[in-house]
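# Residue-level structural notes
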Amino acid sequence: MTPTPHRTNPRPQATNAHPLRFGYGTNGLADLRLDDALALLADLGYDGVGLTLDHMHLDPLAPDVAARTRRVARRLDALGLGVTVETGARYVLDPRRKHGPSLLDPDPADRARRVDLLIRAARIAADLGAHAVHCFSGVLPADPTHLANPAHLADPAAPANPAATADPAEDTAWKRLAETLTPVLDAATHAGVPLAVEPEPGHLLATLADFHHLRRILGDPPALGLTLDIGHCQCLEPMPPADCVRAAAPWLRHVQIEDMRRGHHEHLPFGDGEIDFPPVLEALAATGYQALTVVELPRHSHAGPHFAAQSLPFLHRAARAIPAGAEGSTP
């Protein structure tokens, strides 16, 4: 990989009063080589990158992934970029099934492939010095009758979650999710990198309430954290996004951000949706969150450099609109 000259312009800060750190996701720069994408983000002034493990960037299944990871780690360090590792690549495991197989697949061998990917991701995250490794539950299988019932994972002391227990097949899916995540959490613990589960619209684990249901089933393991997508909060949470940030604060390990409209799961550039961002960033600053807040525009790779250039000034303006002193408050 050909080194890019280290830039000499200082990275602009969102605001001295509110030390939020912004990144951009490589799933929105899929048409760029990874080295070019990292250099672009550094030149634009981003503090870090949300690195999606995928065949076009850092392939987690490549035989020389360890050597590639070391090269990327050196590049991140040279550019002064922080990193979080994301695992939402569409076809990294199966060229025919988007995001497949999942942790909920009927076939144990397929579930094991997703578990293996996440364990690899935890090791890569540790080697990169990432602040978290992200994952999601997946959707319920098309034929839920294939779900096995690992009854030993039930937590009789956990309060009932009506959304998760109204359907026996769905209740079994929660137990399967807990079973498949257990070795991933062990790997994350060993790697010293928190696992940040993302509530995803349409998935089994879709909301903050669902995250807490999983947390209770698993016994609240220290390695289990939360990825909060601000657009998803606007899309389907009962609370406004700023209130979601405050409610999620104790478990917050990774943040994704973009615009969105109520009831429509479509990641939009800033200003094209309905979110009022200064209150969201104010709430985030007040929690003391210090990891990356990553712009998530995976369907805009066709113009990725343009949207990367537009997004950071928008976030800086929104951060400057935070009232003075808000960073010292608590949720």
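Scroll up for the structure.
Residues numbered from 1 in each chain as written. Predicted model: local features only at pLDDT ≥ 70, side-chain atom pairs only at ≥ 80, totals over all residues. Heavy atoms only, no water.

## Here we look at the side chain of E200
Applied cut-off: Helix and strand assignments come from DSSP, with helices taken as H or I runs of at least 4 residues and strands as E runs of at least 2, each series counted from the N terminus. For every residue, the accessible area (1.4 Å probe, protein chains only) is compared with the maximum for its type, and the residue is labelled buried under 20%, exposed over 50%, or partly exposed between those bounds. Only four residue types enter the charge count, namely Lys and Arg as positive and Asp and Glu as negative; His and the chain termini do not. The salt bridge criterion pairs a side-chain nitrogen of Lys or Arg with a carboxyl oxygen of Asp or Glu, the two atoms within 4 Å. Within 3.5 Å is the distance limit for a polar contact, defined as a pair of N or O atoms, with the added protein rule that one can donate a hydrogen and the other accept it, and that residues adjacent in sequence qualify only through two side-chain atoms. In what follows, residue pairs with any heavy atoms lying within 4.5 Å of each other are defined as contacts.
Within the secondary structure layout, E200 lies in the loop between β5 (195–197) and α6 (208–218). Although E200 lies buried, it forms no salt bridge, and the closest oppositely charged side chain, K98, sits 8.0 Å away as judged by the N-O distance. Only 3.4 Å separates the side chain of E200 from the side chain of H265, close enough to count as a polar contact. When residues no more than four places from it in sequence are discounted, the contact partners of E200 are L205, A206, H232 and H265.

## Observations regarding the environment of G192
Here G192 lies in the loop between α5 (168–191) and β5. By relative accessible area, which is 61% here, G192 ends up exposed. Taking C-alpha positions, G192 is 6.9 Å from A126, a pair spaced 66 residues apart along the chain.

## Some remarks on the pattern of salt bridges
Enumeration over the complete set of coordinates arrives at eleven salt bridges. Between R215 and D220 there is a salt bridge; the shortest N-O distance is 3.4 Å. According to the relative accessible area criterion, D220 is partly exposed, its value standing at 41%. Note that R246 and D243 form a salt bridge whose closest N and O atoms lie 2.6 Å from each other. Here D243 and R246 lie together in helix α8 (residues 241–248), a separation of three residues that amounts to about one turn. Among the charged side chains, a salt-bridge network with shared partners connects D94, R97, D105, D110 and R113.

## Description of the packing of aromatic side chains
Keep this limit in mind: Classification of ring pairs uses Phe, Tyr and Trp, with its six-membered ring standing for Trp, and accepts pairs whose centres are within 6.5 Å; under 30 degrees between planes counts as stacked, over 60 as edge-to-face, and the remaining range as tilted.
By the definition in use, this model includes four aromatic pairs. Taking 5.1 Å as the distance between ring centres and 90 degrees as the angle between the ring planes, the aromatic pair formed by F270 and F277 counts as edge-to-face. Members of the aromatic cluster, joined through ring pairs, are F270, F277 and F314.

## Examining helix α10 (residues 304–320)
The criterion, for reference: To estimate the expected span of a helix, subtract one from its residue number and multiply by 1.5 Å. Working definition: the arc comes from the directions between the helix axis and the C-beta atoms, pointing outward to the latter.
If you check α10, its first and last C-alpha atoms are 25 Å apart, about what 17 residues at 1.5 Å a residue would give, namely 24 Å. Listed as buried for α10 are G304, F307, A308, S311, L312, L315, H316, A318 and A319. Looking straight down α10, one finds its buried side chains confined to an arc of 160 degrees; they lie on one side. Buried residues in α10 make contact with β1 (21–25), α1 (34–44), β7 (252–257), α9 (277–287) and β10 (292–295).

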